Amino acid sequence: MKGKILFGCIALVMLYACSGSGHIHLPGHGNVEKQNLKEAVVNHVSSTLSNGETVEFEGNSGNDYYKENGEVRFSTNVVYTVVSPNGSKEKHTAHIVCNEDRDKIFEWKDI
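Residues numbered from 1 in each chain as written. Predicted model: local features only at pLDDT ≥ 70, side-chain atom pairs only at ≥ 80, totals over all residues. Heavy atoms only, no water.

Caption draft 1: Fine view of the side chain of Arg102. You can see Arg102 is positioned in the loop between β3 (89-99) and β4 (105-110). Residues within four places of Arg102 in sequence aside, it is in contact with Glu33, Lys34, Asn36, Leu37, Ala40, Tyr65 and Phe74. (Helix = DSSP H or I, 4+ residues; strand = E, 2+ residues; numbered from the N terminus. Contact = heavy atoms within 4.5 Å.)

Caption draft 2: Summary view of unusual backbone geometry. Phi is positive for Asn69, close to 55 degrees, though the residue is something other than glycine. Along the chain, Asn69 turns up in the loop between β1 (54-68) and β2 (71-83). Using a relative accessible area of 78% as the deciding quantity, one classes Asn69 as exposed. (Buried < 20%, exposed > 50% of the residue type's maximum accessible area, 1.4 Å probe, protein only.)

Caption draft 3: The pairing of β2, seen in detail. Within β2, 10 of the 13 residues are buried, leaving the element largely enclosed by the surrounding structure. Hairpin connection between β1 and β2: a loop of two residues separates the two successive antiparallel strands, and Asn69 in this loop has a positive phi of roughly 55 degrees. Between the end of β2 and the start of β3, which pair antiparallel, lie five residues, with Gly87 showing a positive phi angle near 100 degrees. (Pairing = 2+ DSSP bridges.)

Caption draft 4: Inspection of the environment of Trp108 at higher detail. As for its placement among the helices and strands, Trp108 is situated in strand β4. Apart from the residues within four sequence positions on either side, Trp108 is in contact with Val41, His44, Val45, Val78, Tyr80, Ala94, His95 and Ile96. A distance of 3.0 Å separates a polar atom in the side chain of Trp108 from a polar atom in the side chain of Asp110. (Polar contact = N/O pair within 3.5 Å; in protein donor to acceptor, adjacent residues only side chain to side chain.)

Caption draft 5: Summary view of the sheet that holds β2. Judged by pairing direction, the sheet is antiparallel, and its four strands sit side by side in the order β1-β2-β3-β4 without closing on themselves. Across the chains shown, the open sheet's two edge strands, defined by having one partner strand only, are β1 and β4. Mean inter-strand twist for the sheet, computed between neighbouring axes without regard to direction, equals 20 degrees. Examined bridge by bridge, β1 and β2 share 12 bridges and lie antiparallel to one another. Directly across from Glu68, in β2, lies its bridge partner Glu71. (Axes fitted to C-alpha atoms, helices over the stretch in contact; angles between N-to-C directions.)

Caption draft 6: Just the pairing of β4, in detail. As defined by bridge partners, β3 adjoins β4 across five bridges and the pair is classed as antiparallel. Considered in β4, the bridge of Ala94 is made with Asp110. With antiparallel pairing between neighbouring strands as the criterion, β3 and β4 make up a hairpin whose turn holds five residues, including Arg102 at a positive phi of roughly 65 degrees.

Caption draft 7: Local environment of the nonpolar core. With 13 residues, the main nonpolar core has Leu37, Val41, Val45, Phe57, Val78, Tyr80 and Ile96 as its most contacted residues. For this core, the elements supplying multiple residues, two or more each, are α2 (29-46), β1, β2 and β3. Every residue in contact with Val78, bar those within four places of it in the chain, is listed here: Leu37, Val41, Phe57, Gly59, Asn60, His92, Thr93, Ala94, Ile96 and Trp108. (Core = buried A, V, L, I, M, F, W, Y, C linked by side-chain atoms within 4.5 Å.)

Structure representation (structure tokens):
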């Protein structure tokens, strides 16, 4: 019985410590963030296209979390491809800053 109580106390202390850092992720949360980032990039780029091109998200690198005005921001470089209606492809890279959930882009800079 004492072992279960001790384990419960340790678990609560660890949960409190993790949540105090402003960053606590449950299992599977990373998959949602990846999907959010992909959709945000594709939507952002698609909104700038006008000749029937499509966008393919390739990936991201150089991930960094930081706080701005008390809110967590995610900074990364993204690689995406613009595909023309005739099938030709152009690869692009951009540096973006978005919210912690990666579903809203605040800054976009083509590299």
